[in-house]
Structures are given as structure tokens and as C-alpha cells.
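# Commentary on secondary and tertiary structure
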Amino acid sequence: METEQKLTAETFPASPEKATLEGKNKFTGFWLFLGGETVLFASLFATYLALRNSTMSGPKPEELFDIKLVFAATMILLTSSLTSVYAMYHMKNFEFKKMQLWLGVTWLLGLAFLGLEIYEFRHYVHEGHTFTSSAFGSSFYALVGTHGAHVTFGLLWIGSLMIRNAKRGLNLYNAPKYYVASLYWHFIDVVWVFIFTVVYLMGMVG
Amino acid sequence: MTTNQSNSDNPRLNLEYRKKRNAEDMKMQVVSFAMMLFLTLIAFFAVYQEFSGWYIMPVIVLLAVVQVIFQLYYFMHMNHKGHTIPAFFLYSGVLVALLTILAFVTIIWW
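What you see is a predicted model, and the numbers here were worked out from it, not measured in a lab.

Conventions we followed
Residues numbered from 1 in each chain as written. Chains lettered and ligands numbered in written order. Predicted model: local features only at pLDDT ≥ 70, side-chain atom pairs only at ≥ 80, totals over all residues. Heavy atoms only, no water. Helix = DSSP H or I, 4+ residues; strand = E, 2+ residues; numbered from the N terminus. Buried < 20%, exposed > 50% of the residue type's maximum accessible area, 1.4 Å probe, protein only. Contact = heavy atoms within 4.5 Å. Areas by Shrake-Rupley, 256 points an atom, 1.4 Å probe, with all protein chains shown as cover. Domains from an automatic or database assignment. Buried area = accessible area lost by both parts, 1.4 Å probe. Salt bridge = Lys/Arg side-chain N within 4 Å of Asp/Glu carboxyl O. Polar contact = N/O pair within 3.5 Å; in protein donor to acceptor, adjacent residues only side chain to side chain. Nonpolar A, V, L, I, M, F, W, Y, C, P; charged D, E, K, R; others polar. pLDDT = per-residue confidence, 0-100. Expected span 1.5 Å × (residues − 1). Bend = angle between axes of the 7 residues up to and from the residue. UniProt positions renumbered as here; feature names shortened; annotations may be inferred. Axes fitted to C-alpha atoms, helices over the stretch in contact; angles between N-to-C directions. Parallel < 35°, antiparallel > 145°, perpendicular 65-115°, else oblique.

### Focus: the overall build of chain B
- In terms of regular secondary structure, chain B is built from three helices and zero strands.
- Across the 110 residues in chain B, those meeting the buried criterion constitute 35%.
- Once local pairs closer than 6 in sequence are excluded, the contacts in chain B between residues at least 24 apart make up 48%.
- Element-wise, carbon and sulfur atoms account for 71% of the exposed surface of chain B, whose accessible area totals about 7,200 Å².

Have a look at this one:
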């Protein structure tokens, strides 16, 4: 199908993200990128696991982490993953307004998550846990901070997609862009699942 | 209309058929969300109750792996057709990831 073709709900293809060559390329290329991201985060996780006991007599993980805050952040990010699934559901049904609405909800939840993380980091710095305080501090902020940077980038990405296409409506040019952005958002949650398990929960168990 | 990927030539019928399929997909995704929520709650509850450490760690890591499988196959649609190459890319990444972590927690010391 052609990228610039005017479409209705009847003529909109079942898999709009892969209906054009450009879309297929984006889809395949993005999964290659996600494979690379997996390796990037694995190296940060591995470094953290190796260094997490080197606290240099600073605060230990079990003294630092607050289970309620982490639980709230986890619930927010998991819910935002569901709302972006809803957005893609409406995209496949060619309901542009509803898709934008659910992406907007996703965006706000992402912002709430980021706010919680900034609050958390500020609190840790006051407790004497900084990037340079110990090897535990460096590896902790490198890992969790890289994830936070991904959330920030995702917010900028989804936000600019929504604004750029607000008046354009849905077509085969922007459908793959939305699809790929939602994949990215899910991947952020995938990484967070391992962060809350390996960093926070295992840290609190000791 | 070969592009509609459906077995009927009537666009109106096609649309209904597709909407129904999309709704079924969505139902599965809500179910998987409930499962992911449940797995998260178990993991947090186990740590909150302060069960013994060595017993709990493999369990919560397993819960995380199962939750990520739900995320990949339902939320990221890896259960749909046409995901052979994405699976190849992702599992290549996972293989390197596992080797890296294995090396850093076993044979490297600081």
C-alpha cells in the first residue's frame, strides 16, 4: 500500500505497521535496536550485581530502599504499559482520537513515574548515597538512571508524535511510528521489571 | 482488496470481522495484564513479609522472567505471525545478556 493513501476504517489494513515497505523496515530495525538495548542493560545489571556490596561504609541497599515508593512506581509503569496497549488497539480499529487519548494517559503515567524517581534520587542524595560515594552508588545510578533517561526519552518521543500528528489523523505514514513508540514503551517496562526485582527487592532481602 | 488480509470481498464485513478479532486480542491483553499484576503482587508481598533470603531470591527472579514473557508475547505482540526475525534479534540479545551477567557474578572479582 502507498504511504500517502487516504484511508477509511474499511480500507485500513489489519496490520497498519507493516503495510508499507517503510513500516516493515521500521519494525525490523526497531527489534534489532531492542536486541542491542537488552545487551546494554545487561552490562549495567552485571556491573551492579558485581558492585552492590561495595558500599564504602555508606548506606546499604536495605537501609536505603523504601518498598512503598518502589511499589507505587512499579504499579504506575505497569498500568502505563496497559494504556499503551489500549492505544494500539484503537489504532488497529482506525480510531485516531481514542488512540491519542490513551497515549495521553500513558504519557501522564510516565511523567508520574519520572517524578517519583526524581524524588527518590533526591532523597538518596540527602542520605549520602550519590554517584561518587561508592561503587554501589555509581553502579546503582548508572543502571537506574539509564532507565530513567529512557523514560524521559520515551516521553519526548511519544509527546512529539502526538503533537506532530494531532491534526493529520491516522495514515500509513504515521501508524508504524506510533507502533514502534509503543514497543519502546513496553520495553521500558520490561527493563523496570528486572530493576524492581534485582535492585530493589533483592536489595531489601539483603 | 488483497491488502485487507481477510477472506471476504465485502469491506463492511471485513471491518466487522477485524474489529471482533482486535477485541479478542484486547481481551487476552487485559488477562495478561491481570497476570502480570498478580505476579508483581506476589513478589512484593514475599519481600514485605520478610521470608528467608536465600529461598526468596530465585523465586522473585522467576516471577520477573514469567512477567516479562507476558509483556513480550502479549503486549509486544510476539505471539502474532511475522515475528521470527524480531525473536531472533531479541534472543540473540538475551544470550549475550545472560553470558555477561554470568561472567560478572562468577568469574570476575573486584
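The structure having been displayed, the exposition proceeds.
### Here's the deal with the domain arrangement of chain B
All names here are of chain B.
- Entries for chain B in the domain assignment read domain 1 (1-79) and domain 2 (81-110).
- Contacts between domain 1 and domain 2 engage six residues on the former and five residues on the latter.
- Across the interface of domain 1 and domain 2, roughly 390 Å² is buried in total on both sides, 64% from carbon and sulfur atoms.
- If you sort the residues of domain 1 by the area they bury against domain 2, Leu72, Tyr73 and Met78 come out on top, with a joint share of 74%.
- Joining domain 1 to domain 2, the criterion identifies zero salt bridges.
- Summed over the shared surface of domain 1 and domain 2, the number is two residue pairs in polar contact (both at pLDDT 80 or more).
- Here the side of domain 1 that touches domain 2 is built from residues that sort into four nonpolar, two polar and no charged.

### Considerations on the confidence of the model for chain B
All names here are of chain B.
- This prediction gives chain B a mean pLDDT of 87; 89% of its residues lie at or above 70.
- Looking at the elements of chain B, mean pLDDT is at its lowest for helix α1 (residues 11-48), recorded as 91, and at its highest for helix α3 (residues 84-106), recorded as 95.
- Interface predicted TM-score (ipTM) for the complex: 0.90; the corresponding pTM is 0.93.

### Looking at the pattern of salt bridges
All names here are of chain A.
- Inspection of the entire model under this criterion finds two salt bridges over all chains.
- As a salt-bridge pair, Glu22 and Lys26 come within 3.0 Å of each other at their nearest N and O atoms. Taken as a pair, Glu22 and Lys26 lie in helix α1 (residues 21-51) at a separation of four residues, close to a single helical turn.
- Assessed through its relative accessible area of 37%, Glu22 is described here as partly exposed.

### Quick word on helix α6 (residues 175-205) of chain A
- Taking 1.5 Å as the rise per residue, α6 of chain A with 31 residues should run 45 Å; its terminal C-alpha atoms sit 44 Å apart, in good agreement.
- Of all the bends in α6 of chain A, the greatest, near 30°, is centred on Ile195 of chain A.

### So, the UniProt feature "transmembrane region" (unreviewed entry) in chain B
All names here are of chain B.
- When the UniProt feature table is mapped onto this chain, "transmembrane region" (unreviewed entry) is found at residues 28-48, 54-76 and 88-109.
- Helix makes up 100% of residues 28-48 and strand 0%, whereas the separation of the span's terminal C-alpha atoms amounts to 30 Å.
- Structurally, residues 54-76 is divided into 96% helix and 0% strand, and its ends, taken at the C-alpha atoms, are 33 Å apart.

### Thoughts on the interface of chain A and chain B
- In this assembly, 56 residues from chain A lie in contact with 55 residues from chain B.
- The contact between chain A and chain B buries some 4,900 Å² in all, and 78% of this surface belongs to carbon and sulfur atoms.
- Viewed at the interface, chain B and chain A are joined by zero salt bridges.
- In this structure, the connection of chain A to chain B is made through six residue pairs in polar contact (both at pLDDT 80 or more).
- Put simply, the parts of the chain that give the side of chain A that touches chain B at least two residues each are α1, α3 (67-92) and α6 of chain A.
- Ranked by residue count, the leading element in the side of chain A that touches chain B is α1 of chain A, at 16 residues.
- Split by residue class, the side of chain A that touches chain B holds 36 nonpolar, 14 polar and six charged.

### Side note on the packing of α1 of chain A against α3 of chain B
- Orientation of α1 of chain A relative to α3 of chain B, taken along the N-to-C sense of each, is 10°, at an axis distance of 8 Å. One way to sum up the angle between α1 of chain A and α3 of chain B is to call them roughly parallel.
- Its residues assigned to classes, the contact of α1 of chain A with α3 of chain B shows 19 nonpolar, seven polar and no charged.

### Observations regarding the side chain of Thr197 of chain A
- Relative to the elements of secondary structure, Thr197 of chain A occurs in helix α6.
- Judged by its relative accessible area of 2%, Thr197 of chain A falls in the buried class.
- Here Val193 of chain A takes part through its backbone oxygen, which lies 2.8 Å from a polar atom of the side chain of Thr197 of chain A.
- Each residue touching Thr197 of chain A, except ones within four places of it in the same chain, is listed here: Met202 of chain A together with Ile60, Val61 and Ala64 of chain B.

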